[in-house]
Amino acid sequence: MQKLANYIDGELIAPLSGNYIDNYNPAEGRVYSMLPDSGTEDVRVAVDAATRAFPAWSAMPVDKRSALLLKIADLIDRDLDKLVRAESTDSGKPLAQARRLDIPRAAANMRFFATGAIHFSSEAHVTGSDAVNYTLRTPVGVAGCISPWNLPLYLFTWKIAPALAAGCTVVAKPSELTPMTAFLFSQLCIEAGLPKGVLNIVHGLGNKAGQGIVEHPHVSAISFTGGTVTGKRIASTAAPMLKKLSLELGGKNPNVIFADCDFDKALETTIESSFSNQGEICLCGSRIFVERAIYERFLEQLIKRTRSLVVGDPLEEKTNIGALISGAHMKKVLGYITLAREEGGEVLTGGKPVKLSGRCQMGYFVEPAIIAGLGPDCRTNQEEIFGPVVTVMPFDTEEEVIAAANSTNYGLSATVWTENLKRAHRVAAHLKSGIIWVNCWLFRDLRTPFGGMKQSGVGREGGWEALRFFTEAKNVCVRL
Ligand code: NDP
């Protein structure tokens, strides 16, 4: 069985303990490879390598750093088919989605920050004829980047690309549940000639390898994407050490549909925002609010369209909904369906495990579910389920829907459907979400700030925000 390796100081190496963790193929429900069960000693070796590599990497002219990152992007493009298959196998997501979204976006992340760093500039302030102040931006040092399993290579590169482009060296940990594409990525870094120690990838469990990165005194900044509970744990370790922190956490996102929307477009996109990647995207709109005038018609069409989605083998092109990430996660999602019923909700379609035949007979498949009859305050509508489950609620007024949309502890993203431009701006301004889409979903311009409010996180990624995060701003005052 294939054993993945850590990527430390330019080499692919075994964990010091010699211990490995089973890596499951969620569509088959069986182990298909093994990943290093790294501990704090492996992290220490990785941080030492990153510390040694830092002076040369941070001093390298930015166009040379950029060229190396662009080369890695080209290698991702070259290996598109291999990476797409690996991502689908490792995470259970449909092959078609990995080809359309995950892997192209990983290459785009590398390109975006490789070129962005060249244009990154800082400010100068002339204080009359007395002084010139300028802002000197220097890389923070060794950065720790920790990423989740739902968009594995996409989110891994979203963190490491700006860190490397800014001149930091990195110790990164992908999710233990989806290590494969990060491993393949380490091979591409070697092929591209990335200097040793610049990027180090330590595989393993969050509470060992992940915690080891957060605790290490020489790791100056932590960029984390994952669940809110883990984010709080990381903050409780890193904050007393006064580390820079960027936390991209969970969401319970509202999808607000007014009666004056483009009905067909809203319906089509709502299918995507509800069930893409099996609902395992932090940005999925899991609470759908529909203005009463179109509620019945919208719901009827939503149910019809949802029933036509194909739950199946992720490797088959016609599949819309693949496997959930793990047996434990499937149990959690099904537990929320039970909870919704206990809270008085009616499951209008889906919500049952799907038993496929052939190689996928042991896989973790769940029918996409639509639940009605619940108010905004119940647990089903307050807690992140992170699966193919949405609730639908009617509303009468703009004020009422804004209050309901804002009623959770989360504040990551929201979607608004209306053809009334004034209302679109007004509602967007009142929604307590870091990202608001009007008449679209998941459309991303990588230059824009990305991040959540409330329990959805602290800090912003994307564009200059990310390059600022991985650099320190020093004010240099020159007296004239
Ligand atoms: P987790 O919080 O469980 O894990 C995220 C990463 O942190 C994993 O690599 C995990 O390792 C690691 N980790 C766990 N414990 C620690 C620790 N104590 N110290 C350091 N690292 C640790 O999230 P999931 O992987 O389950 O991802 C799903 C969550 O991510 C959802 O809540 C989703 O909303 C959120 N998310 C947020 C996004 C955003 O941009 N706001 C985008 C995508 C997802 P291991 O896998 O070994 O546990």
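Let us look at the structure shown here. (Residues numbered from 1 in each chain as written. Predicted model: local features only at pLDDT ≥ 70, side-chain atom pairs only at ≥ 80, totals over all residues. Heavy atoms only, no water.)

With mixed pairing, the three strands of this open sheet are ordered in space as β1-β5-β4. Here the strands that pair on one side only, and so sit at the sheet edges, are β1 (2-3) and β4 (20-25). Pairing between β1 and strand β5 (residues 30-36): two bridges, direction parallel. Bridged to K3 within β5 is M34. (Pairing = 2+ DSSP bridges. Helix = DSSP H or I, 4+ residues; strand = E, 2+ residues; numbered from the N terminus.)

With that settled, consider the sheet that holds strand β19 (residues 389-395). Spatially, the seven strands line up as an open sheet ordered β15-β18-β19-β14-β13-β21-β22, and their pairing is mixed. On the outer flanks of this sheet lie β15 (346-349) and β22 (435-438), each paired with one strand and no other. Each strand of the sheet is rotated relative to its neighbour by a mean of 25°, with strand direction disregarded. As judged from the four bridges shared by strand β21 (residues 413-417) and β22, these two strands associate in the parallel manner. What sits directly across from A414, in β22, is I436. Strand contacts of helix α10 (residues 292-307): β13 (253-257), β14 (285-291), β15, β18 (369-372) and β19, with the helix running at about 140° to β14, the strand carrying the most contacts. Across the face of the sheet, helix α11 (residues 327-342) comes into contact with β15, β18 and β19 while running at roughly 20° to β18. (Axes fitted to C-alpha atoms, helices over the stretch in contact; angles between N-to-C directions. Contact = heavy atoms within 4.5 Å.)

Along the chain, the position of V202 falls in the loop between β10 (199-201) and α7 (206-215). Remark: the alpha-carbon pair of V202 and A172, spanning 30 residues in sequence, is separated by 6.2 Å. Once residues lying within four places of it in the same chain are set aside, the contact partners of V202 are N6, I8, S38, D42, V43, A46, V171, A172, K173, P174 and A209.

What follows deals with the side chain of S246. Assignment of secondary structure puts S246 in strand β12 (residues 244-248). If sequence neighbours within four positions are ignored, S246 has contacts with I222, S223, F224, V458, E461 and F469.

Here the focus is the layout of surface pockets. By volume, the largest pocket is sized at about 960 Å³. Contributing to the lining of the largest pocket are 39 residues, with W149, F224, G226, G227 and T230 lying nearest its centre. For the lining of the largest pocket, the secondary structure elements donating two or more residues are α7, β11 (219-225), α8 (228-238) and α11. Taken together, the residues of the lining of the largest pocket sort by class into 17 nonpolar, 15 polar and seven charged. (1 Å grid on protein atoms, 1.4 Å probe; cavity = no way out; pocket = protein on both sides within 12 Å on 5 of 7 lines; lining within 4 Å. Points joined across faces, edges and corners; volume = space filled by probe spheres on them. Nonpolar A, V, L, I, M, F, W, Y, C, P; charged D, E, K, R; others polar.)

Attention shifts here to helix α1 (residues 40-59). With 20 residues, α1 extends 29 Å between its outermost C-alpha atoms, agreeing within 8% with the 28 Å of an ideal straight helix rising 1.5 Å per residue. Of all the bends in α1, the greatest, near 45°, is centred on A53, and the proline P55 appears no more than four residues after it. Listed as buried for α1 are D42, V43, A46, V47, A49, A50, A53 and W57. (Expected span 1.5 Å × (residues − 1). Bend = angle between axes of the 7 residues up to and from the residue. Buried < 20%, exposed > 50% of the residue type's maximum accessible area, 1.4 Å probe, protein only.)

Our focus in this paragraph is unusual backbone geometry. The backbone of L242 shows a phi angle near 60°, a positive value even though the residue is not glycine. Along the chain, L242 turns up in the loop between α8 and β12. In the Ramachandran plot, N277 falls in the positive-phi region, its phi being about 55° despite a non-glycine side chain. Its location among the elements puts N277 in the loop between α9 (263-275) and β14.

This next bit is on the site of the ligand. The ligand sits among 32 residues. The nearest are G206, T230, L249, C282 and E384. Residue S147 places a main-chain N or O atom 2.9 Å away from an oxygen atom belonging to the ligand. In the model, an oxygen atom of the ligand is placed 2.7 Å from a nitrogen or oxygen of the G206 main chain. Considered on its own, the ligand offers 900 Å² of accessible surface; in the complex 89% of this is hidden by protein. One can see that the ligand is located within the largest pocket. Counting only elements with at least two residues in the shell around the ligand, the list comes to α7, β11 and α8. Element by element, the count of residues in the shell around the ligand is highest for α7, at four residues. Considered class by class, the residues forming the shell around the ligand number 14 nonpolar, 13 polar and five charged. (Near = heavy atom within 4 Å. Polar contact = N/O pair within 3.5 Å; in protein donor to acceptor, adjacent residues only side chain to side chain. Areas by Shrake-Rupley, 256 points an atom, 1.4 Å probe, with all protein chains shown as cover. Sits in = over half its atoms within 2 Å of the grid points.)

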